[in-house]
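Residue-level structure breakdown
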Amino acid sequence: MKNLLSTFASKDILLNWYSNEGSDQERNVNNHIHSPYSFSAFKNLSQAFEMAEKENISILGINDFFVADGFEEFYNLATEKKVFPIFNIEFIGLLKEEQKNDVRVNDPNNPGRTYFCGKGLTYPFSLPAKSKIELEILKLESQKQIVQMIEKLNVHLTDVGVDIQFSYEEIKEKYAKELVRERHIAQALRIAVDEKYSSDDEKKEVFKKIYSGTDSKAELSDASALDNEIRSNLLKAGGKAFVEEDDRAFYEIPDIIEIITLAGGIPTYPVLLDNPKGEYTGFEGDKEKLYKRLTGLGIYSVELIPNRNDLGALTEFVKFFHEKGFVVSFGTEHNAPGLIPLTPVTRGNVPLSNELKKIGYEGVCVIAAHQYLKAKGEEGYLNKKGIAKFNEREDFVLLGKAVIEKFLN
């Protein structure tokens, strides 16, 4: 495996090429999609690149939970399809102080529970032996919980008289690549019911049994809604197949930040922001406090999934953090059934403003420059102490534009 960026000319030569021959057009970006290597709406990675071509998206970021197994396939497709690849990873960790004080972070249901990303990791992916073991432990603990959930689901199905059973191995072989997640369990149950029972009336009656007497409200033809209903009824807290995660499955955020930086990435906080009722978590409700908490943890980059947010709330938040010097990027996740477009939009399918698109594009340019410099064996956007080079952000934006245009051309 070789990264094309490592063969690019030096920074000065590259910038000179860009000033004379490069395009200054603002590229369309999606910096957060999950692949089938964790769980994804895409049947395969090729489908994501086909959609990128149709939607004129030139920069795409893979962002799987716990694994970098999709990096090689993602990179090969990106070079073939002329789409600039951003290499990201996602974890679920803990902020112990917030957990102790009953503060919701970016998981609205669990105090202290924190989704956390690394952006612009070095490709090919590598880690020191100690961190590699830590990452394997996280994956192993997540799969232990999944095995227990499948076992509890089997018991429940027997108890309610539904003749369907699963094994971890079967679900992994049919529906997953590297990790089995609860969404795979929901998908497997939906498909099993659909295949075993012929009429809609039978299927509805079976789901009523599975939901312990509660009628299904989802349309049988809506796979996404049905999967979400199964998860809500069976696999979430209070459900018959729910298994509480062991604390060993969650590292504290400073430990996750260490893994990310050792893998060459930029620690990035994924912002939940406002829900449809205009509510915020305790952690995110005050922008100034959030800014101080993030910088105190050594975090200088945020990302958002705009389709969860109101355009006004998103704009206010993004401008605040951009003016503070943060790297900001956007994505769509595609971490649920249902194939939505790749182009990020806000709640209600309201498009991003040109101002937001520019901020998101420039944020990804910083990450692209970071990837280039790390591929060349140089220091990236973070210094040796892990602090962002705020004063050089515009230089990184320009270098990133040059890197992206060279790759695409």
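Residues numbered from 1 in each chain as written. Predicted model: local features only at pLDDT ≥ 70, side-chain atom pairs only at ≥ 80, totals over all residues. Heavy atoms only, no water.

1. Considerations on the nonpolar core
For the record, the criterion: Only buried Ala, Val, Leu, Ile, Met, Phe, Trp, Tyr and Cys residues count toward a nonpolar core, and they belong to the same one when joined by side-chain atoms within 4.5 Å. Exposed residues in this analysis have more than 50% of their type's maximum accessible area, buried residues have under 20%, and partly exposed residues fall in between, with area computed by a 1.4 Å probe over protein chains only.
Counting residues in hydrophobic clusters, the biggest one holds 66 residues, and the most contacted among them are Leu60, Phe91, Tyr269, Leu294 and Leu304. One finds Trp17, Cys365, Tyr381 and Ala388 within the second-largest nonpolar core, a separate group that totals 32 residues.

2. Things to note about empty space enclosed by the protein
Rule in force here: Residues are said to line a cavity or pocket when one of their atoms sits within 4 Å of a point; the points come from a 1 Å grid over protein atoms alone, cavities being sets where a 1.4 Å probe fits but cannot get out and pockets being open sets with protein on both sides within 12 Å along at least five of seven lines. Grid points are joined across faces, edges and corners, and a volume is the space filled by probe spheres set on the points. Under the scheme used here, helices are H or I runs from DSSP no shorter than 4 residues and strands are E runs no shorter than 2 residues, and both carry numbers assigned from the N terminus. Gly falls in the polar group here, along with every residue not listed as nonpolar (Ala, Val, Leu, Ile, Met, Phe, Trp, Tyr, Cys, Pro) or charged (Asp, Glu, Lys, Arg).
With the rule as written, the count across this model stands at one cavity of 30 Å³ or more. Each pocket or cavity is described by its volume, and for the largest cavity that value is around 50 Å³. Surrounding the largest cavity, His322, Phe326, Val327, Val328, Ile359, Glu362, Gly363, Val366, Arg393, Glu394 and Val397 form its lining. Counting residues per element, the lining of the largest cavity draws most heavily on helix α13 (residues 354-375), which supplies four residues. Along the lines of polarity and charge, the residues of the lining of the largest cavity split into six nonpolar, two polar and three charged.

3. Let's talk about the pairing of strand β7 (residues 327-330)
The line we're drawing: When DSSP finds two or more bridges between a pair of strands, those strands are recorded as paired. Handedness of a crossover: with both strands directed away from the viewer, a clockwise path from the first strand across the helix to the second marks it as right-handed.
Side chains Val327 and Ser329 of β7 all project onto a buried face; the interleaved residues Val328 and Phe330 project onto the opposite face, where all are buried too. Judged from the four bridges that link them, strand β6 (residues 301-304) and β7 form a sheet pairing that is parallel. When the bridges of β7 are listed, valine 302 appears paired with valine 328. Once the chain exits β6 it traverses helix α12 (residues 311-323) before rejoining the sheet at β7, and the crossover so formed is right-handed.

4. A short note on the pairing of strand β3 (residues 84-94)
For β3, the tally of buried residues reaches 11 of 11 residues, placing the bulk of the element in the interior. Here strand β2 (residues 57-65) pairs with β3 via seven bridges, running parallel. When the bridges of β3 are listed, isoleucine 59 appears paired with phenylalanine 84. Where β3 meets strand β4 (residues 113-119), six bridges bridge the pair, whose relative direction is antiparallel.

5. Here we look at the packing of helix α5 (residues 129-159) against helix α7 (residues 182-196)
Just so we agree on the cut-off: Only the stretch in contact is used when fitting a helix axis, every axis being a line fitted to C-alpha atoms; angles between N-to-C directions are given from 0 to 180 degrees. In this scheme, roughly parallel covers angles under 35 degrees and roughly antiparallel covers those over 145, while 65 to 115 is roughly perpendicular and the rest are oblique. The crossing is said to be left-handed when, going from far helix to near helix, the turn is anticlockwise and less than a right angle, and right-handed when the turn is clockwise. Should any heavy atoms of two residues lie within 4.5 Å, those residues are counted as being in contact.
Running from amino to carboxyl end, α5 crosses α7 at an angle of 30°, the nearest separation of the two axes being 10 Å. Considering the angle they form, α5 stands roughly parallel to α7. At the point where α5 passes α7, the crossing takes the right-handed sense. Residue-level inspection shows Ile146, Met149, Ile150, Leu153 and Leu157 of α5 in contact with α7, the latter providing Glu182, Ile185 and Leu189. Residues belonging to the contact of α5 with α7 are distributed by class as follows: seven nonpolar, no polar and one charged.

6. What about the sheet that holds β6?
Strand order in the open sheet formed by seven strands is β1-β2-β3-β4-β5-β6-β7, and the pairing between neighbours is mixed. Looking along the sheet, the strands with just one partner apiece sit at the ends: β1 (28-33) and β7. Direction aside, the axes of adjacent strands within the sheet are offset by 30° on average. This element, helix α3 (residues 71-81), spans β2 and β3 of the sheet and lies at about 155° to β3.

7. Brief notes about helix α2 (residues 45-54)
Taken together, the buried positions of α2 are Leu45, Gln47, Ala48, Phe49, Met51 and Ala52. Of the surrounding secondary structure, the elements contacted by the buried residues of α2 are β1, β2 and α3.

8. Description of the pattern of salt bridges
As a reminder, the rule being used: Put simply, a salt bridge is a Lys or Arg side-chain nitrogen that is within 4 Å of an Asp or Glu carboxyl oxygen.
Scanning the entire structure with this criterion turns up 25 salt bridges. Linking glutamate 98 and arginine 293 is a salt bridge whose minimum nitrogen-to-oxygen distance equals 2.8 Å. On the criterion of sequence distance, the pair formed by glutamate 98 in helix α4 (residues 96-100) and arginine 293 in helix α11 (residues 287-296) is long-range, its members being 195 residues apart. Between arginine 104 and aspartate 102 there is a salt bridge; the shortest N-O distance is 3.0 Å. The network of salt bridges with common partners includes Glu97, Glu98 and Arg293.

9. Remarks on the environment of tyrosine 175
Here tyrosine 175 is to be found in helix α6 (residues 168-175). Considering only alpha carbons, one finds tyrosine 175 and proline 36, 139 residues apart in sequence, at a separation of 8.5 Å. Filtering out sequence-adjacent residues up to four positions away, tyrosine 175 remains in contact with His184, Gln187, Ala188 and Ile191.

10. Here's the deal with a negative patch on the surface
Short version of the rule: The patches described consist of residues with a relative accessible area above 30% and no salt bridge, like charges being joined within 9 Å and nonpolar side chains (Val, Leu, Ile, Met, Phe, Trp, Tyr) within 5 Å. Values of accessible area rely on a 1.4 Å probe in the Shrake-Rupley scheme; residue burial ignores everything except the protein chains shown. We treat Lys and Arg as the positive residues and Asp and Glu as the negative residues; His and chain ends play no part in the count. For this purpose, a charge sits on NZ of Lys, CZ of Arg, CG of Asp or CD of Glu.
A cluster of acidic side chains, namely Asp200, Asp201, Glu202 and Glu205, defines a negative patch on the protein surface. With respect to the helices and strands, aspartate 200 occurs in helix α8 (residues 200-210). The exposure class assigned to aspartate 200 is partly exposed, which follows from its relative accessible area of 45%.

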